[in-house]
Amino acid sequence: MKILYAAIIFVIVLTLSSVRGLNNEASAWIPEHRCSEKIQIGQCESNKCMKKCFEKSQGRGRCLDNSYCICTFYCHGPPK
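What comes next concerns the included structure. (Residues numbered from 1 in each chain as written. Predicted model: local features only at pLDDT ≥ 70, side-chain atom pairs only at ≥ 80, totals over all residues. Heavy atoms only, no water.)

It is worth spelling out the state of the cysteines at this point. Taken as a whole, this structure holds four disulfides when the rule is applied. Covalently, cysteine 35 is tied to cysteine 75 through a disulfide, its sulfur atoms 2.0 Å apart. One quick way to see it: the torsion about the S-S bond of cysteine 35 and cysteine 75 is about 80 degrees, and its sign makes the bridge right-handed. Note that cysteine 35 is positioned in strand 1 (residues 34–40) and cysteine 75 in the segment after strand 3 (68–74), a separation of 40 residues in sequence. For the pair formed by cysteine 35 and cysteine 75, the shared burial category is buried. The disulfide partner of cysteine 53 is cysteine 71, and the gap between their sulfur atoms is 1.8 Å. Residues cysteine 53 and cysteine 71 share a disulfide whose torsion about the S-S bond is about -75 degrees; that sign makes it left-handed. Of this pair, cysteine 53 sits in helix 2 (residues 46–54) while cysteine 71 sits in strand 3; the two residues are 18 residues apart in sequence, bridging distant segments of the chain. (Disulfide = S-S within 2.5 Å. Helix = DSSP H or I, 4+ residues; strand = E, 2+ residues; numbered from the N terminus. Buried < 20%, exposed > 50% of the residue type's maximum accessible area, 1.4 Å probe, protein only.)

Structural data, given as structure tokens:
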């Protein structure tokens, strides 16, 4: 009986995560259309970097060397 409950919970969690993935833009990344940009923002803080990169389509950011922010984002054509 415990196995049945565990299986039901697993199916529910799997269903909810897949439905959430359909509405999530980040799940549709095409590797050839991933661009990156190095931005100097002085003292790099994670929140500041993420907020700066979030302005771009599906943008994500991370700090590098405590003074640069590396933004990875979706570009419509392949990067040049």
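The next point concerns the packing of aromatic side chains. Enumeration over the complete set of coordinates arrives at zero aromatic pairs. For the cation-ring pair, lysine 38 lies above tyrosine 68, with the distance from its terminal atom to the ring centre recorded as 4.3 Å. (Phe/Tyr/Trp six-rings, centres within 6.5 Å; stacked < 30°, edge-to-face > 60°. Lys NZ or Arg CZ within 6 Å of the ring centre and 35° of its normal.)

Another point: unusual backbone geometry. Non-glycine residue glutamine 58 carries a positive phi angle of around 55 degrees. Structurally, the position occupied by glutamine 58 is in the loop between helix 2 and strand 2 (60–64).

So, about a nonpolar patch on the surface. A cluster of nonpolar side chains, Met1, Leu4, Tyr5, Ile8 and Ile12, forms an exposed patch at the surface whose accessible area comes to about 550 Å². The residue tyrosine 5 is located in helix 1 (residues 2–22) in this model. (Patch = residues over 30% accessible without salt bridge, like charges linked within 9 Å, V, L, I, M, F, W, Y side chains within 5 Å. Areas by Shrake-Rupley, 256 points an atom, 1.4 Å probe, with all protein chains shown as cover. Salt bridge = Lys/Arg side-chain N within 4 Å of Asp/Glu carboxyl O.)

The biggest cluster of nonpolar side chains holds 10 residues, and these are Cys35, Ile39, Ile41, Cys44, Cys49, Cys53, Cys69, Cys71, Phe73 and Cys75. Only strand 1, helix 2 and strand 3 provide two or more residues apiece to this core. Top element by residues in this core is strand 3. It accounts for three residues. For cysteine 53, the contacting residues outside a window of four places in its chain are Gly59, Arg60, Gly61, Cys69, Ile70 and Cys71. (Core = buried A, V, L, I, M, F, W, Y, C linked by side-chain atoms within 4.5 Å. Contact = heavy atoms within 4.5 Å.)

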